[in-house]
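Topology and contacts: notes
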Amino acid sequence: MAEKLTYIQLTSFVNPTFWSKLTELKLDVDRLSEAERHVWAYFPLLNNCTVPHPYLEVDSTSFNKDFNSQNMYVPFEGTLCNRNTVEQFKECDKMGIINAAGANLYRSIVSGEALEKPSILNSFLILSFADLKKYDYYYWFAFVVPKNLFIEVADKSNISAVFTKDIRSTLYSEFKQLSAIQKTYFLVDSKLNKILTLKEVKGLSMDATKDFYFAFFNISVCPDLVGSQLRNFVALLTHVWPFLQDTTQKFLSIICSRDGSEINVDKSMVFHLKLPTVSENTLNTWVGWEKNERDRLGPKVAHMKSTLDPAVLAENSVDLNLKLMKWRVVPDINLEKIKFTKCLLLGSGTLGCCVARSLLAWGVRTITMVDNSTVSFSNPVRQSLFTYEDSVKMRPKAEAAADRLKEIFPGVKSKGVQLTIPMPGHTVSESTVEQTTKSVAVLTDLIKESDVVFLLMDSRESRWLPAMLGSFYNKIVINAALGFDSYLVMRHGAQAGNASSDASPKELKGFQFIEGRNLGCYFCNDVTAPGDSVKNRTLDQQCTVTRPGIAQIAGALAVELAVSLLQHSDGLNASAFYKLKCSPDDLPPEVERQCLLGLLPHSIRGFLPSFTNILPATIKYDKCVACSHSILQEYESEGLEFLLKVFNSSKHLEDVAKLTALLESFDFNQVMELSDEVSD
């Protein structure tokens, strides 16, 4: 008597590389999209014959366009449905999803695609949610098969009862020549002892069926059981050859070897199966959701945080916050450009620590810290990269700051350089010429290797040499300076040689701006060269006495200004808007397009007593002691000799920049003197 065919259900196995690849695609490609993805899975040869259920494995190659044929013999084709929230994952219509997958499978049968590509019949889907903050992955596999298709077994026997050993060997040789896609389901011609693909026998007649065996690769390690996907094969057969319905046909079940090294044809089985009558109603309901570890229908969860490299976790987490911003708010932002920007921080004190931390938050991977002092006991409370232990050990600030950045985020390439920057008016004696020369060379190399230079020192004259070198090498230079309750953050303009002959302010839709090539530097407002301001300093002058929060504000603005400049299409030459006639939220399109992150000022002057900012802009001064053409030309022609003259006497700068002649020609007697009694 016929009995119902007994099936065995697959068990999913997710290789950790699958989650790693899914994370990468979610962050870089899919973002907030919930579009379905085609994925592959494969049935590996089992080395352990005691495993109760056959395993279907997915890994990083599952996302490949084509099946990786090295992944053993049986490919499965599936759909990944990844949801953006755990609520969507829990509340979505599971029955609707699997029925939709079944409908797609049926359409491939009707269209003939499944004949060309029989691996489609091995259908599965994955419903998932990736919690990328905790690295928890919720997932539920379904192995899609029709619910109402029933098959009966009339008889079964070992393959040796039907085919001789020589024929079995021949068939196995032909089987190995099939592509992975065709190994799933095929036909065996018993008269010619030949294997044929399904697409080769589209015109099979009723009379010819007696000479054919409908063959499939059985996922079961038990010869008497078959994988449930056989129902999809029967659905295809009864659609393509309707005369097979309600008849008994011969099926050849190819069995996997127990030792996992080869396909053992001698263990294969021949089934005589009675095929049912199949209609559209038979194929309108689909089942196959996998049971969880508790043997109940329900999802599983993979906790990957402990298995992934902590450094990789940190790297992905840093990128996640930025990519969420890109998905939601600024889809066109170029995060890669920020990531690979090389930043040089001259000054590793309060401002330097604040700037470094903000750069980390923006995903910058290369940061060089420079300073000449050690960590003192007063530093850690204001300077966020230092600890009490650094003070006790009197660690060099630059090295301690660079090391702390790596502790915060191992993915950053940070280094500390202990360096005293030579300054105008600070005499260089014969005994210090060699050291000064080395210092100039180190600073020059650091600036040449960097993309953005931050001037974060605590004296005016210490900014001159890097400001001049930054202009000479046409680097982005961001300057930040602090007062007690005020601050200045500004960007330097492009090299003086790029300046336009017409440096006057321009106008766009009523907004006034100065072209980037005509913007001044930190020294363009001065008519005197920086000198030695360190002499005769009292204690309050030796330390940067500021309100505690002001460095965080200025440091953050310095980084935001640099990032905005990096995202501007004109980069260093970006124009500076300084007179706004409406709210930034109401900017005309022509103005708004000037920068992805908003309008770019030249400088930001902030005042804490009134909690206000103003955005002044300064035109490049042709007699500037740092960026004027005459200064840069003098440095280009004389090099170190010019610098040594400046270090020994800052007046040399005034002479080269022609400020001396300007001051001598000025009649101070023409200055109006006002008494205290004058009211206006």
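Counting starts from 1 at the beginning of each chain's written sequence and moves along it residue by residue. Local features in this predicted model are restricted to residues of pLDDT 70 or higher, and side-chain atom pairs are both shown and tallied only at a pLDDT of 80 or more, whereas totals for entire chains, interfaces and linings draw on every residue. The basis for the side-chain values is all heavy atoms of the structure; hydrogens and waters are excluded.

Secondary structure elements are taken from DSSP: a helix is a run of H or I of four residues or more, a strand is a run of E of two residues or more, and numbering for both begins at the N terminus. Scanning the chain from N- to C-terminus turns up 20 helices and 28 strands. Looking at the 680 residues of the chain, the share that counts as buried comes to 52%. Here, residues are in contact when the closest pair of their heavy atoms is within 4.5 Å. Within the chain, contacts between residues at least 6 apart in sequence are counted, and of these 74% link residues at least 24 apart. Burial classes: relative accessible area under 20% of the type maximum marks a residue as buried, over 50% as exposed, and values in between as partly exposed (1.4 Å probe, protein chains only).

This part takes up the packing of aromatic side chains. Both the distance between ring centres and the angle between the ring planes are used here to describe each pair of aromatic rings. Aromatic pairs are defined between Phe, Tyr and Trp rings, using the six-membered ring for Trp, whenever the two ring centres lie within 6.5 Å; interplanar angles under 30 degrees are classed as stacked, those over 60 as edge-to-face, and all others as tilted. Taken as a whole and judged by the stated rule, the model has 26 aromatic pairs. When the centroid spacing of 5.2 Å and the interplanar angle of 80 degrees are considered together, the rings of Phe 18 and Trp 19 count as edge-to-face. The class of Phe 18 is buried, set by a relative accessible area of 1%. Residue class for Trp 19 comes out buried when judged on its relative accessible area of 2%. Between Phe 513 and Phe 577, the aromatic rings sit 5.2 Å apart at their centres with planes inclined by 35 degrees, giving tilted as the arrangement. Taken together, the positions of Phe 513 in strand E25 (residues 511–514) and Phe 577 in strand E26 (residues 576–579) put the pair 64 residues apart, joining distant regions of the chain. Each of the two residues, Phe 513 as well as Phe 577, counts as buried.

Before going further, it helps to examine the confidence of the model for the chain. Detailed conclusions should not be drawn from predicted coordinates in areas where pLDDT is low. The predictor attaches a confidence to each residue, and that confidence, scored 0 to 100, is pLDDT. Looking at the chain as a whole, its pLDDT mean stands at 87, while 89% of the residues score no less than 70. Scored below 50 in pLDDT, residues 257–261 makes 16 contacts in the model with residues more than four places away or belonging to other chains. This model gives residues 538–542 a pLDDT under 50, and the stretch forms three contacts once residues within four places in sequence are excluded.

The next point concerns the pattern of salt bridges. By salt bridge we mean one thing: a side-chain nitrogen of Lys or Arg within 4 Å of a carboxyl oxygen of Asp or Glu. According to the stated counting rule, one finds 17 salt bridges in the structure shown. For the salt bridge of Glu 116 with Lys 202, the shortest nitrogen-to-oxygen distance reads 3.2 Å. You can see Glu 116 sitting in helix H4 (residues 113–116) and its partner Lys 202 sitting in the loop between strand E11 (194–196) and strand E12 (212–218), a full 86 residues away along the chain. For Glu 116, a relative accessible area of 36% translates into the label partly exposed. Residue class for Lys 202 comes out partly exposed when judged on its relative accessible area of 44%. Where Lys 645 meets Glu 638, a salt bridge forms, and the shortest distance between an N and an O atom there is 3.4 Å. Each of Asp 390, Arg 395, Asp 403, Arg 404 and Glu 407 takes part in a single network of salt bridges with overlapping partners.

We now examine the sheet that holds E12. Either a parallel or an antiparallel arrangement is found when strands of a sheet pair, and the pairing is made through backbone hydrogen bonds. Only strands that DSSP links by at least two bridges are regarded as paired with each other. A sheet is described by the order of its strands in space; here seven strands give the open sequence E1-E9-E15-E14-E12-E10-E11, paired in mixed fashion. Edge positions in the open sheet fall to strand E1 (3–4) and E11, since each of these has one partner strand only. Strand direction decides the pairing type here: strand E10 (residues 185–189) and E12, joined by five bridges, are antiparallel. Bridged to Val 188 within E12 is Tyr 213. Sitting on the sheet, helix H5 (residues 165–177) touches E10, E11 and E12, and the angle it makes with E11 is about 30 degrees. Axis geometry follows a simple rule: fit a line to the C-alpha atoms, using only the stretch in contact for helices, then measure angles between N-to-C directions, giving values from 0 to 180 degrees.

The description of two packed helices rests on the angle between their axes and on the distance between the axes. For the pair helix H17 (residues 629–638) and helix H18 (residues 640–648), the least separation of the axes is 6 Å and the interaxial angle reads 120 degrees. Between H17 and H18, the crossing angle belongs to the class labelled oblique. Where H17 abuts H18, its residues Ile 631, Glu 634, Tyr 635 and Glu 638 lie against Leu 640, Glu 641, Phe 642, Leu 643 and Lys 645. Residues are grouped as follows: Ala, Val, Leu, Ile, Met, Phe, Trp, Tyr, Cys and Pro are nonpolar; Asp, Glu, Lys and Arg are charged; all remaining types, including Gly, are polar. Across the contact of H17 with H18, the residue classes tally to five nonpolar, no polar and four charged. An angle below 35 degrees is read as roughly parallel, one above 145 as roughly antiparallel, one from 65 to 115 as roughly perpendicular, and any other as oblique.

By nonpolar core we mean a set of buried residues, namely Ala, Val, Leu, Ile, Met, Phe, Trp, Tyr and Cys, connected to one another through side-chain atoms within 4.5 Å. One finds Leu 345, Leu 359, Ile 367, Met 369 and Phe 454 to be the most contacted residues of the largest nonpolar core, which totals 53 residues. Looking at this core, the element that brings in the most residues is helix H15 (residues 550–567), giving nine residues. Residues within four places of Leu 359 in sequence aside, it is in contact with Cys 343, Leu 345, Val 364, Ile 367, Phe 454 and Val 559. Among the nonpolar cores identified, the runner-up in size contains 50 residues, and Phe 89, Tyr 185, Leu 187 and Leu 237 belong to it.

Let us now look at helix H13 (residues 464–472). Buried residues dominate H13, accounting for nine of its nine residues. Among all positions of H13, only Trp 464, Leu 465, Pro 466, Ala 467, Met 468, Leu 469, Gly 470, Ser 471 and Phe 472 are buried.

This part takes up a nonpolar patch on the surface. Patches here are clusters of residues that have more than 30% relative accessible area and form no salt bridge, with a 9 Å joining cutoff for like charges and a 5 Å cutoff for nonpolar side chains (Val, Leu, Ile, Met, Phe, Trp, Tyr). The method behind every accessible area is Shrake-Rupley, applied with a 1.4 Å probe, and residues are considered shielded solely by the protein chains displayed. On the surface, a nonpolar cluster with roughly 360 Å² of combined accessible area is contributed by Phe 377, Tyr 388 and Val 392. Looking at where Phe 377 falls in the secondary structure, it is placed in the loop between strand E19 (366–371) and helix H10 (388–393).

A few words on the sheet that holds strand E22 (residues 476–482). One open sheet holds the eight strands; their spatial order is E20-E19-E18-E21-E22-E23-E27-E28, and the pairing between them is mixed. The open sheet has two free edges, formed respectively by strand E20 (413–418) and strand E28 (612–614), since each of these has just one partner strand. Between one strand axis and the next, the sheet turns through 15 degrees on average, direction left out of account. Where strand E18 (residues 342–346) lies against E19, five bridges are found, and the strand directions are parallel. Bridge pairing in E19 places Lys 342 opposite Thr 366. Along the sheet, H15 contacts strand E21 (452–455), E22, strand E23 (486–491) and strand E27 (603–607); its crossing angle with E23, the most-contacted strand, is approximately 15 degrees.

As a further point, take the environment of Glu 57. Structurally, the position occupied by Glu 57 is in strand E5 (residues 55–58). Along the sequence, Glu 57 and Pro 44 sit 13 residues apart, while their C-alpha atoms lie 7.4 Å from each other. What Glu 57 contacts, discounting residues up to four positions off in sequence, is Phe 13, Asn 15, Ala 41, Tyr 42 and Pro 44.

The subject of this paragraph is helix H12 (residues 433–449). Over its 17 residues, H12 runs 24 Å from end to end, which matches the ideal 24 Å to within 8%, given 1.5 Å per residue. Restricting attention to buried positions, one finds in H12 the residues Thr 436, Ser 439, Val 440, Leu 443, Thr 444, Leu 446 and Ile 447. Each buried residue of H12 lies within a common arc of 165 degrees when the element is viewed along its axis, so the set occupies one face. One fewer than the residue count of a helix, multiplied by 1.5 Å, yields its expected span. Note that the arc is computed from the directions linking the helix axis to the C-beta atoms.

Attention now goes to the packing of H13 against H18. Remark: H13 packs on H18, axes separated minimally by 12 Å, with the N-to-C direction vectors making an angle of 150 degrees. One element, H13, and the other, H18, form an angle in the roughly antiparallel class. Our pair here, H13 against H18, has a crossing hand that is right-handed. The segment H13 lies against H18, with Trp 464, Leu 465 and Met 468 engaging Phe 642, Leu 643, Val 646 and Phe 647. For the contact of H13 with H18, the residue count by class is seven nonpolar, no polar and no charged. By definition, any crossing whose near helix is turned counterclockwise from its far helix by less than a right angle is left-handed, and any crossing with a clockwise turn is right-handed.

Note on placement: Ser 268 falls in the loop between strand E14 (248–255) and strand E15 (269–274). The class for Ser 268 is buried, based on a relative accessible area of 0%. A distance of 3.4 Å separates a polar atom in the side chain of Ser 268 from the backbone oxygen of Ser 253. Beyond its immediate sequence surroundings of up to four residues, Ser 268 is in contact with Asn 158, Ile 159, Leu 252, Ser 253, Ile 254 and Ile 255. We define a polar contact as two N or O atoms separated by no more than 3.5 Å, with the added condition that, inside protein, one atom must be a possible hydrogen donor and the other a possible acceptor, whereas residues neighbouring each other in sequence contribute only through side-chain atom pairs.

In this fold, Glu 77 is placed in strand E6 (residues 74–83). Among the polar contacts listed, one links the side chain of Glu 77 to the side chain of Lys 117, at a separation of 3.4 Å. Residues within four places of Glu 77 in sequence aside, it is in contact with His 38, Val 39, Trp 40, Lys 117, Ser 119, Ile 120, Asn 122, Ser 123 and Phe 124.

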